[in-house]
Amino acid sequence: MSRRFTPKIVTANDLLEGDVIYLTADDRWSRDHAEAELIEDEAHAEIRLIHAARQSGSVVGAYLADARPGPSGPEPVHFREAFRAKGPSNYTHGKQSERHA
Amino acid sequence: MYTYSEFDESFVRNRVAQFRGQVERRLDGSLTEDEFKPLRLMNGLYLQLHAYMLRVAIPYGTLNGRQMRQLAYLAERWDKGYGHFTTRQNIQFNWPKLADVPDMLDALADVGMHAIQTSGNTIRNVTADHFAGAAADEIEDPRPVAELLRQWSTDHPEFQFLPRKFKIAVTGSPTDRAVTKAHDIGLRMVRDAGGAPGFEVMVGGGLGRTPMIGKVIRDFLPKADLLPYCEAILATYNLLGRRDNKYKARIKITVHENGLEAFRDLVEARFAEIRPEFSGVDQDWLAGIETQFSPPRLSDADTSEYDARRESDPVFRSWADTNLAPHKDPSHAIVTVSLKKPGNTPGDATAAQMRLLADLGATYSHDELRISHEQNVILPHVHRADLPAVFDALRSAALATANVGLVSDIIACPGMDYCALATARSIPVAQSIATRFEDLKLEHDIGALKIKISGCINACGHHHVGHIGILGLDRAGVENYQITLGGDGTETASLGERTGPGFAYDEIVPAIERLIHAYLDLRQGPEETFLDLYRRLGMGPFKDALYGDAARGRQADAA
């Protein structure tokens, strides 16, 4: 039996801003990890990634990252993705400052 | 200081114009990311975790007040009001927007600066002793040679697609403040039997995943042979260096795999071929550069104001004792301005701080500033009578921390707070260590100690040459920190040795504290530094302190 598929999200950086972005189920790019489409099926994940990679005019470096369901949407699994979703720890810059604003 | 010639000016402007066109073509879809990426990297533009990052070269760490003020302007106009000075004498802006970068590069060109070859498999920013031209122990100012190397290596057609990046460091002093032994080529100025200055040439040093101390390929190279000899090394490496495996592509591996003797023979053969082609134009050129680095006219005014303040103000005295270095003129001092206030990010300066430093440099240091690989700012030529005024001004901007060379003067790479390559964070570890020892009030008692932290094996934080090195790794999805001890980046260079298993994020600061308490308990007196003690007693007592006697016993049984 094959290993159980870990749910994924599609993430990338915005071409203009460089900001971390997430592919949503309705084909938008959101700045918020919780709005990402949580993909539970491996084949579907591949299709979504191809779809993302085709948008090279606006996004850079799309890839699949592990995620898990949370109360308000998908949450990062690995600490790298948690930092990407939040911003640096030495200043309240990046996404955390946007949330304050 | 070197001022751009018309050629430099038009070259840099041309590159900005080219890059402006490249960005436009990327934005209108004419260029794919795969096509654009090498173009942006050639101009110092990375895409990191949260944003783009622009890396600007500060050649051999030297800049004037106007340039520093322009960096402040960039920080405020296009970034978030600060810049990060790096271990390679560069400054990084962490939040630029792609469409703004050509304007940033134009603003840099306005003051004779650029971001060319701060990335890619080329010859990178040539680094130098940050006390160059001022140090009491110097043979000659190494910066004219560094500038010659900068001009020679910029857009050198033969060396734009090397197997891997290539870093050259140069020092004019027997005391190695430029970590020359950890560079692809290290140049250390020495004199021959007749007293003429030349270079001891080292090759194949480097940190990263396979750390190596540079090997001496030439004991003495006459100054006039520098360019052809460097060109011979680069040409040999360019042919011989491995392109099949990124991790074996640096010259240190080339030298290691082929052997120093074989590598040297090839270099010498190539050198013999090309030496006659160097007709002496390069030396005429060097002479022209040297006139631009003529030493400042130093005042011989009375220094009693300094002595009086030193006598009456213990806070000033502590700062002076810690942050000043001997200048070649005894009535002057070299001031190191610490960018390591405990709790702050090592190497970060706000725009306001940069402006103040620019003003202080212009007023008190013959319009010269330096950036050290230890991520501090230097005012190289300050008359002692001006030190009280400099100190007061620095204090008003939270820049008067008296910790240079001490436990909180930590080198830290950006780590996973910014860097896409990082495997763990470095900055908060540095912040926590510095804050902890500030609370303990032990810093001055501990004395000379270099802690260096990298957030991945690429070792931008120089952890291998830290007296205490810390390497952040990802162990099964959790940050984990390995400790190395006994590293040294000076003329007595050595690589640190791993203590054993790593520590979790919340365990690393207590572990460092245990190491330092062990040192304080065991040292023969304050004159025996941490590194001295390590060299006398070895790893044993530090392992005990880190892992306990029991753990050490188990390891001995297993061995």
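Residues numbered from 1 in each chain as written. Chains lettered and ligands numbered in written order. Predicted model: local features only at pLDDT ≥ 70, side-chain atom pairs only at ≥ 80, totals over all residues. Heavy atoms only, no water.

Looking up chain B in an unreviewed UniProt entry gives the name Sulfite reductase, with the organism given as Meridianimarinicoccus roseus.

As annotated in an unreviewed UniProt entry, chain A is DUF2849 domain-containing protein from Meridianimarinicoccus roseus.

What follows concerns the overall build of chain A. Looking only at helices and strands, chain A features three helices and five strands. Going from the N terminus to the C terminus, chain A shows its helices and strands as β-β-β-α-β-β-α-α. Since a compact globule built from 101 residues should have a radius of gyration of about 13 Å, the 14 Å found for chain A is in line with a globular shape. Each of the three principal axes of chain A carries a C-alpha extent, and together these read 45 × 30 × 20 Å. (Helix = DSSP H or I, 4+ residues; strand = E, 2+ residues; numbered from the N terminus. Rg over C-alpha atoms; globule rule 2.2 N^0.38 Å.)

The next point concerns the overall build of chain B. Each helix and strand in chain B was counted, giving 18 helices and 21 strands. For 559 residues, the compact-globule formula gives about 24 Å, and the C-alpha radius of gyration of chain B, at 23 Å, lands near that figure. Here chain B, with 559 residues, has 63% of them falling under the buried criterion. Put simply, 67% of the contacts in chain B that link residues at least 6 apart link residues at least 24 apart. If you sum the accessible surface of chain B, you get close to 20500 Å²; carbon and sulfur atoms cover 51% of it. For chain B, the distance from the average position of its 62 positive side-chain charges to the average position of its 75 negative side-chain charges is 5 Å. (Buried < 20%, exposed > 50% of the residue type's maximum accessible area, 1.4 Å probe, protein only. Contact = heavy atoms within 4.5 Å. Areas by Shrake-Rupley, 256 points an atom, 1.4 Å probe, with all protein chains shown as cover. Lys, Arg positive; Asp, Glu negative; His and termini not counted. Charge placed at Lys NZ, Arg CZ, Asp CG, Glu CD.)

All names here are of chain B. Applying the stated criterion across every chain, the model contains 50 salt bridges over all chains. When the shortest N-O distance is used, the salt bridge between Arg 20 and Asp 106 registers 3.0 Å. Pair noted here: Arg 20 is in helix 1 (residues 6-27) and Asp 106 is in helix 4 (residues 101-109), with a separation of 86 residues, a long-range link. Among the residues examined, Arg 20 registers a relative accessible area of 26% and is labelled partly exposed. Residue classification places Asp 106 among the partly exposed residues on the basis of a relative accessible area of 24%. Note that Glu 138 is salt-bridged to Lys 328, the shortest N-O span being 3.6 Å. You can see Glu 138 sitting in the loop between strand 6 (127-128) and helix 5 (143-153) and its partner Lys 328 sitting in the loop between strand 11 (324-326) and strand 12 (332-337), a full 190 residues away along the chain. Residue class for Glu 138 comes out buried when judged on its relative accessible area of 12%. On the accessibility criterion, Lys 328 (46% relative accessible area) is partly exposed. Beyond isolated ion pairs, a larger network of salt bridges with shared partners links Glu 9, Arg 13, Arg 20, Asp 103, Asp 106 and Asp 110. (Salt bridge = Lys/Arg side-chain N within 4 Å of Asp/Glu carboxyl O.)

Each partner contributes to the interface: chain B provides 31 residues, whereas chain A provides 24 residues. Taken together, the two surfaces of chain B and chain A that pack against each other cover about 2300 Å², and 58% of this comes from carbon and sulfur. Per-residue buried area on chain B facing chain A is highest for Leu 49, His 50 and Met 416 of chain B; these three make up 24% of the total on that side. At the junction of chain B and chain A, the tally comes to one salt bridge. Glu 17 of chain A is paired through a salt bridge with Lys 97 of chain B; the nearest N and O atoms lie 3.7 Å apart. Here chain B and chain A share 10 residue pairs in polar contact (both at pLDDT 80 or more) between them. At the level of elements, helix 1, helix 14 (427-440) and strand 19 (478-485) of chain B are the ones that each hand at least two residues to the side of chain B that touches chain A. Sorting elements by how many residues they give to the side of chain B that touches chain A places helix 14 of chain B first, with three residues. Here the residues of the side of chain B that touches chain A are counted per class, giving 16 nonpolar, six polar and nine charged. (Buried area = accessible area lost by both parts, 1.4 Å probe. Polar contact = N/O pair within 3.5 Å; in protein donor to acceptor, adjacent residues only side chain to side chain. Nonpolar A, V, L, I, M, F, W, Y, C, P; charged D, E, K, R; others polar.)

We now examine a negative patch on the surface. A surface patch of negative charge is lined by Asp 302, Glu 305, Asp 307 and Glu 311 of chain B. Its place among the elements puts Glu 305 of chain B in helix 10 (residues 304-312). (Patch = residues over 30% accessible without salt bridge, like charges linked within 9 Å, V, L, I, M, F, W, Y side chains within 5 Å.)

It is worth spelling out the sheet that holds strand 10 (residues 215-222) of chain B at this point. Residues and elements named next belong to chain B. Read across the sheet, five strands follow the order 6-7-8-9-10 without closing on themselves; strand pairing throughout is mixed. Edge positions in the sheet fall to strand 6 and strand 10, since each of these pairs with one other strand and no more. Across four bridges, strand 7 (residues 168-171) lies against strand 8 (residues 185-191) in parallel orientation. By the bridge assignment for strand 8, Ala 169 is matched with Gly 186. Sheet strands touched by helix 8 (residues 260-274): strand 9 (197-203) and strand 10. Its angle to strand 10, the strand with the most contacts, is close to 30°. (Pairing = 2+ DSSP bridges. Axes fitted to C-alpha atoms, helices over the stretch in contact; angles between N-to-C directions.)

To continue, consider the nonpolar core. Residue and element names in this part refer to chain B. Among the nonpolar cores identified, the biggest contains 62 residues, and Met 68, Leu 71, Phe 85, Trp 319, Met 354, Leu 387 and Leu 394 are the most heavily contacted of them. Leave out the neighbours within four places in its chain, and Trp 319 touches Leu 324, Val 335, Leu 387, Phe 391, Leu 394, Ala 400, Thr 401 and Ala 402. Membership of the second largest hydrophobic core comes to 47 residues, among which are Val 12, Leu 162, Phe 199 and Ile 274. (Core = buried A, V, L, I, M, F, W, Y, C linked by side-chain atoms within 4.5 Å.)

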